[in-house]
Amino acid sequence: SGVAAAHSARANALTRLGRRTEALAAGDAAVLAATARGRAGTDAATLALALLRRGEARWRIQQAEGGLQDGRRSLTLCERVADLSGQARALWAIGAILATQGREREAQEAVVRGLACARACGDDLALGQLLNLYVFWGADPAVHLRALREARSAFLRAGRLDRLVV
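Residues numbered from 1 in each chain as written. Predicted model: local features only at pLDDT ≥ 70, side-chain atom pairs only at ≥ 80, totals over all residues. Heavy atoms only, no water.

A. Fine view of the overall build of the protein. A count of helical and extended segments in the protein gives eight helices and zero strands. Reading the helices (α) and strands (β) of the protein from amino to carboxyl end gives α-α-α-α-α-α-α-α. Considered along the principal axes of its C-alpha atoms, the protein spans approximately 55 × 30 × 30 Å. Looking at the 166 residues of the protein, the share that counts as buried comes to 45%. Within the protein, contacts between residues separated by at least 24 positions form 54% of all contacts whose residues are at least 6 apart in sequence. For the protein, the accessible surface area stands at approximately 8,300 Å², while carbon and sulfur atoms represent 54% of it. (Helix = DSSP H or I, 4+ residues; strand = E, 2+ residues; numbered from the N terminus. Buried < 20%, exposed > 50% of the residue type's maximum accessible area, 1.4 Å probe, protein only. Contact = heavy atoms within 4.5 Å. Areas by Shrake-Rupley, 256 points an atom, 1.4 Å probe, with all protein chains shown as cover.)

B. Broad picture of the pattern of salt bridges. One pass over the full model with this rule turns up 14 salt bridges. The shortest N-O distance in the salt bridge between Arg19 and Glu22 comes to 2.8 Å. We classify Glu22 as partly exposed; its relative accessible area is 32%. Of the charged contacts in the structure, one is a salt bridge between Glu65 and Arg103, with a shortest N-O distance of 3.7 Å. Taken together, the positions of Glu65 in helix α4 (residues 64-80) and Arg103 in the loop between α5 (84-100) and α6 (104-121) put the pair 38 residues apart, joining distant regions of the chain. Overlapping salt bridges, with partners in common, bring together Asp28, Arg54, Arg58 and Asp70 in one network. (Salt bridge = Lys/Arg side-chain N within 4 Å of Asp/Glu carboxyl O.)

C. Quick peek at helix α7 (residues 124-134). Of all eleven residues that make up α7, ten are buried, and the element is covered over most of its length. Where α7 starts, the residue carrying a side-chain oxygen 3.2 Å from the main-chain nitrogen of Leu125 turns out to be Asp123. (Polar contact = N/O pair within 3.5 Å; in protein donor to acceptor, adjacent residues only side chain to side chain.)

D. Layout of the nonpolar core. Of all hydrophobic cores here, the largest spans 31 residues; its most connected members are Trp92 and Leu130. Mapped by element, the contributors of at least two residues to this core are α3 (44-60), α4, α5, α6, α7 and α8 (141-158). Broken down by element, this core gets its largest block of residues, nine residues, from α5. In contact with Leu130, not counting residues within four places along its chain, are Ala88, Leu91, Trp92, Val111, Gly114, Leu115 and Ala118. In this structure, Ala4, Ala33, Leu51 and Cys78 belong to the second largest nonpolar core, which totals twelve residues. (Core = buried A, V, L, I, M, F, W, Y, C linked by side-chain atoms within 4.5 Å.)

E. How the structure looks around the side chain of Gln129. In this structure, Gln129 sits in helix α7. Sequence-distant contacts of Gln129, that is, excluding residues within four places in its chain, are made with Arg16, Trp92, Phe155 and Arg163.

F. Fine view of α5. With 17 residues, α5 should cover 24 Å at 1.5 Å per step; its first-to-last C-alpha distance of 24 Å lies within 8% of that length. When you tally the buried positions in α5, you get twelve out of 17 residues, the bulk of the element. Three or more residues of α5 are buried, namely Gly86, Gln87, Ala88, Ala90, Leu91, Trp92, Ala93, Ile94, Gly95, Ala96, Ile97 and Leu98. Taking the backbone nitrogen of Ser85 as reference, a side-chain oxygen 3.2 Å away marks Asp83 as the first, capping residue of α5. (Expected span 1.5 Å × (residues − 1).)

G. Looking closely at the packing of aromatic side chains. This model, assessed by the stated rule, comprises one aromatic pair. Summarising the aromatic geometry, the rings of Trp59 and Trp92 are spaced 6.1 Å apart at their centres and angled 80° between planes, so their arrangement reads as edge-to-face. Taken together, the positions of Trp59 in helix α3 and Trp92 in helix α5 put the pair 33 residues apart, joining distant regions of the chain. Residue Trp59 is classed as buried on the basis of its relative accessible area, which comes to 15%. (Phe/Tyr/Trp six-rings, centres within 6.5 Å; stacked < 30°, edge-to-face > 60°.)

In structure tokens, the structure reads:
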């Protein structure tokens, strides 16, 4: 629904502004709007995005398990409708949360899967975000530098160089 999409966009904007409690409230509103009773079925893509936004907001206010659950639900919905971009973005959130929990092997697996999805569909923002995580693993400085360069190029193509983490 348009209301759910608006709440999702607001959650994303508030997260980027560091207004985490408000972002979580907007994420909750997005999920609620996407699952409102009386609608003829829930739109999987709308709900997946709402779950992703709420999941990231949860993670950023130290509710990692709730964020991980939302990320995994988002991934499942995106897989159901073959949305590679949504899968890539959900896998970024899952990978980031797992990494902060010290679950490095699982985080790496999520990121590698996400990279494949992002490359397959051409989602440069997701690619850059996933590469931001990828650069933290591996001891080879050449691999690290290539990943940073690729992340920079992806963010430039996406018009979001502000997302590059160095």
